[in-house]
Amino acid sequence: MVSSRESLKAWLRLSLTPGVGNITARALLLRFGLPEAVFEQSTSELQTIVSSAIGQQLRLIPLGLEDALETTWEWLQTQADLGTAKVAHKRLLTLADSDYPSSLMLTPDPPCLLYVLGQTQHLHLLSPPVHQAPRAIAVVGSRNPTPQGRLNAHDFAVHLAQAGLTVVSGLALGVDTAAHQGALKGGSPHHPLHTVAVVGTGLDRVYPHQNHALALKIAAHGLLISEYPLNTPPLTSNFPQRNRLIAGLSQGCLVVEAAARSGSLITAKQALDLGKEVFAIPGSIHTTVSKGCHDLIKQGAKLVDCAQDILEELRDLPAVDWHTASAPHLLNPPSALEPLLENEQIGTSTLRVLDHLGQDPVGLDELQIRSGLSTSQLQAELFQLELNGTLGRLQGGLYQKLSPRPKPSS
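Presented here is an overview of the structure given in this document. Note that the structure is predicted; figures quoted are calculated from it, not measured.

1. Points about the environment of Gly149
In step 1: As for its position among the elements, Gly149 is in helix α8 (residues 147-162).
In step 2: We classify Gly149 as buried; its relative accessible area is 1%.
In step 3: Between the alpha carbons of Gly149 and Val175 there is a distance of 7.2 Å; along the sequence they are 26 residues apart.
In step 4: Every residue in contact with Gly149, bar those within four places of it in the chain, is listed here: Val256 and Glu257.

What follows is the structure, encoded as structure tokens:
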């Protein structure tokens with residue numbers, strides 16, 4: 001943690017110097033010590049580590065340093081009032097900070113600075129003792145998941161959090177959002193760091209804006225982390241870059257749904273490169289958002305259809321509470337059926353529609369052929385099933401069943 005305004009200025013100067021990325025900064029720090037010592041070196045001494053051009057840049061004051069210093073110092077001096085009994089604390093972690101997550105130190109490209117917002121008193125949970133795994137699991141996937149994929153992300157996260165794992169994701173729409181929400185719902189009081197959101201903007205803004213309320217809840221029961229300076233907008237290039245932090249902070253990575261070129265596969269590959277476990281949920285062979293998961297499984301990722309599969313694989317993880325870790329089969333979560341099961345007016349035509357839906361997405365015309373129902377009757381049944389949470393409407397006018405076939409009413 002920066003101890004003074006002058007210390008903060010030195011760290012910001014190092015991070016803002018053109019040509020000095022994380023790897024170069026780390027090399028300079030290992031050779032000379034803290035940033036203040038780096039800037040005391042002569043150009044010739046600096047050139048023993050960096051090129052002549054970068055050595056000269058290190059002798060100059062970067063543009064925007066004073067503005068960044070003022071903004072960051074002011075941000076650090078205040079806490080965020082969450083409107084509850086909790087407040088969100090703010091920290092700026094440096095590579096020299098004892099609270100810097102040890103799991104990130106083992107990655108090839110640890111950030112020089114980490115901006116942190118939330119329950120920072122629990123940062124130690126991201127730095128387990130030597131030779132122990134981080135008590136966290138990454139859950140990632142499509143920004144446009146199927147309704148079933150969204151349910152899977154949520155329910156897996158609930159049970160993983162109940163078992164004492166911190167769920168790490170990226171605060172994006174879709175699977176990320178569902179995973180954070182599930183972790184907040186299932187978070188164990190014995191493991192107070194329910195979820196961590198690694199974002200691609202400065203921590204003084206929330207992207208996407210639809211997740212503003214969710215970000216506040218995460219700050220109350222977890223952490224938001226960014227390597228990007230305050231005022232950084234949501235630049236496209238930042239999001240693939242931040243994925244390495246999601247992988248680095250976690251013991252393993254669960255991919256819920258992912259297209260063939262999904263950014264989630266970047267996270268999975270980075271997890272594999274770091275020797276982490278990778279898990280993937282299979283889906284319909286006719287759905288493009290399952291193609292990435294199927295490719296991962298072909299490449300050796302562990303196929304999982306319930307949270308227990310993951311917990312069994314991570315059995316040596318000390319944070320897992322095996323007394324509360326029993327998780328039901330989640331590919332067809334029973335929660336989506338409850339409204340239907342409570343409804344005694346389930347007719348034979350509704351059951352016929354469910355029978356003909358199968359597990360793969362299907363269009364209205366095909367359903368009408370299969371069921372033999374009139375267009376108006378079929379649309380009415382589909383609407384009712386959608387309201388009950390048993391049916392999901394996909395892009396392209398397709399429908400998909402989200403739960404097992406209920407028993408007919410007597």
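2. As for the pairing of strand β3 (residues 113-118)
Every regular strand shows the same layout, with side chains that alternate between the two sheet faces.
In step 1: β3 sits mainly inside the fold: six of its six residues count as buried.
In step 2: Residues of β3 alternate between two faces, with Leu113, Tyr115 and Leu117 on one and Leu114, Val116 and Gly118 on the opposite face, all of them buried.
In step 3: With six bridges connecting them, strand β2 (residues 87-94) and β3 associate as antiparallel partners. Along β3, the bridge assignment pairs Lys90 with Leu117.
In step 4: Note: β3 against strand β7 (residues 222-226), four bridges, orientation antiparallel. Residue pairing for β7: Tyr115 is matched across the bridge by Ser226.

3. A closer look at the nonpolar core
In step 1: In terms of nonpolar packing, the biggest core is built from 72 residues, with Leu14, Leu58, Val196 and Leu224 touching the most fellow members.
In step 2: Among all residues touching Leu58, those that are not within four sequence positions of it are Arg13, Leu14, Thr17, Val20, Leu28, Phe39, Leu46 and Val50.
In step 3: In this structure, Phe156, Val167, Ala179 and Ile281 belong to the second largest nonpolar core, which totals 23 residues.

4. As for helix α12 (residues 263-273)
In step 1: Burial in α12 covers these residues: Ser264, Leu265, Thr267, Ala268 and Ala271. The buried residues of α12 all sit within an arc of 155° when viewed along its axis, so they share a single face. Along α12, exposed side chains directed more than 90 degrees from the buried face belong to Lys269 and Asp273.
In step 2: Buried positions along α12 lie against β4 (136-140), α11 (238-248), β8 (252-255), β9 (277-280) and α13 (291-298).
In step 3: Where α12 starts, the residue carrying a side-chain oxygen 3.0 Å from the main-chain nitrogen of Ser264 turns out to be Ser262.
In step 4: One or two positions beyond α12, positive phi appears at Gly275, with a value near 80°.

5. Examining the sheet that holds strand β10 (residues 302-303)
In step 1: Read across the sheet, 10 strands follow the order β1-β2-β3-β7-β6-β5-β4-β8-β9-β10 without closing on themselves; strand pairing throughout is mixed. The open sheet terminates on both sides in strands that have one partner only, identified here as β1 (80-81) and β10.
In step 2: Two elements, β4 and strand β5 (residues 166-169), share three bridges in a ladder whose sense is parallel. Each bridged residue has a counterpart across the sheet, and for Ile137 the counterpart in β5 is Val167.
In step 3: Relative to β2, helix α6 (residues 65-76) is tilted by about 135°, and along the sheet it contacts β2 and β3.

6. Quick notes on the packing of α11 against α12
In step 1: It is the contact of α11 with α12, at a shortest axis distance of 8 Å, that shows an interaxial angle of 45°. Relative to α12, the element α11 lies oblique. Seen along the crossing, α11 lies across α12 with a hand that is right-handed. Contacts between α11 and α12 pair Pro240, Asn243, Arg244, Ile246 and Ala247 from the former with Gly263, Ile266, Thr267, Gln270 and Ala271 from the latter.
In step 2: Considering only residue class, the contact of α11 with α12 consists of five nonpolar, four polar and one charged.

7. Things to note about the pairing of β2
In step 1: In terms of burial, β2 is largely enclosed, as six of its eight residues are buried.
In step 2: Note that β1 and β2 share two bridges and pair antiparallel. Note on β2: the bridge partner recorded for Asp81 is Val87.

8. Quick look at the sheet that holds strand β12 (residues 391-393)
In step 1: If you trace the three strands from one edge of the open sheet to the other, you get β11-β13-β12, paired in antiparallel fashion. Since the sheet does not close on itself, it has two edges, and those belong to β11 (362-363) and β12, each with one partner.

9. Structural notes on the pattern of salt bridges
Opposite charge on two side chains allows them to pair when their charged atoms are near.
In step 1: If you walk through the whole model with that rule in mind, you get 10 salt bridges.
In step 2: A salt bridge links Asp295 to Lys291, with the nearest nitrogen and oxygen atoms 3.1 Å apart. Taken together, the positions of Asp295 and Lys291, both in helix α13 and four residues apart, correspond to about one turn of that helix.
In step 3: Its relative accessible area of 39% is what places Lys291 among the partly exposed residues.
In step 4: The partner of Lys302 in a salt bridge is Glu313, and the shortest N-O contact between them spans 3.7 Å. One end of the pair, Lys302, is in strand β10; the other, Glu313, is in helix α14 (residues 307-313), with 11 residues separating them in the sequence.
In step 5: Using a relative accessible area of 31% as the deciding quantity, one classes Lys302 as partly exposed.
In step 6: One salt-bridge network, held together by shared partners, links Arg91, Asp97 and Asp99.

10. Quick word on the side chain of Glu257
In step 1: Structurally, the position occupied by Glu257 is in the loop between β8 and α12.
In step 2: Despite being buried, Glu257 has no salt bridge partner; Arg150 is the closest side chain of opposite charge, sitting 8.0 Å away.
In step 3: Within the local environment of Glu257, its side chain forms a polar contact with the side chain of Thr146, the two groups lying 2.6 Å apart.
In step 4: Not counting residues within four places of it along the chain, the set of residues in contact with Glu257 comprises Val140, Gly141, Ser142, Pro145, Thr146, Gly149, Val289 and Cys293.

Definitions and limits used
- Think of each chain on its own: its residues are numbered from 1, step by step along the sequence as written.
- Only residues with pLDDT of 70 or above have their local features reported here, since the model is predicted, and side-chain atom pairs are shown and tallied only from 80 upward, although totals for entire chains, interfaces and linings are computed over all residues.
- Side-chain metrics in this entry use all non-hydrogen atoms of the structure; hydrogen atoms and water are not considered.
- Secondary structure elements are taken from DSSP: a helix is a run of H or I of four residues or more, a strand is a run of E of two residues or more, and numbering for both begins at the N terminus.
- Each residue is placed in one exposure class: buried if its accessible area under a 1.4 Å probe, protein chains only, is under 20% of its type's maximum, exposed if it is over 50%, and partly exposed if it falls in between.
- A contact between two residues is defined here by any heavy atoms of the two lying within 4.5 Å.
- Strand pairing requires that DSSP identify at least two bridges connecting the strands.
- Nonpolar cores were defined as sets of buried Ala, Val, Leu, Ile, Met, Phe, Trp, Tyr and Cys residues, with membership established by side-chain atoms within 4.5 Å.
- To obtain the arc, one takes the directions from the helix axis to the C-beta atoms.
- Here a polar contact is recorded for every N or O atom pair within 3.5 Å, except that within protein the pair must consist of a potential hydrogen donor and a potential acceptor, and residues adjacent in sequence are included only if both atoms are side-chain atoms.
- In this description, a line fitted to the C-alpha atoms serves as the axis of each element, helices being fitted only across the stretch in contact, and the angle between N-to-C directions of two axes falls anywhere from 0 to 180 degrees.
- Comment on the angle field: the value is read as roughly parallel under 35 degrees, roughly antiparallel over 145, roughly perpendicular from 65 to 115, and oblique elsewhere.
- In this scheme, a crossing is called left-handed if the near helix is turned counterclockwise away from the far one by less than a right angle; it is called right-handed if the turn is clockwise.
- Under the scheme applied here, ten amino acids are nonpolar (Ala, Val, Leu, Ile, Met, Phe, Trp, Tyr, Cys and Pro), four are charged (Asp, Glu, Lys and Arg), and all others, including Gly, are polar.
- The rule for a salt bridge is simple: a side-chain nitrogen of Lys or Arg has to be within 4 Å of a carboxyl oxygen of Asp or Glu.
- Think of it this way: Lys and Arg go in the positive column, Asp and Glu in the negative one, and His and the chain ends go nowhere.

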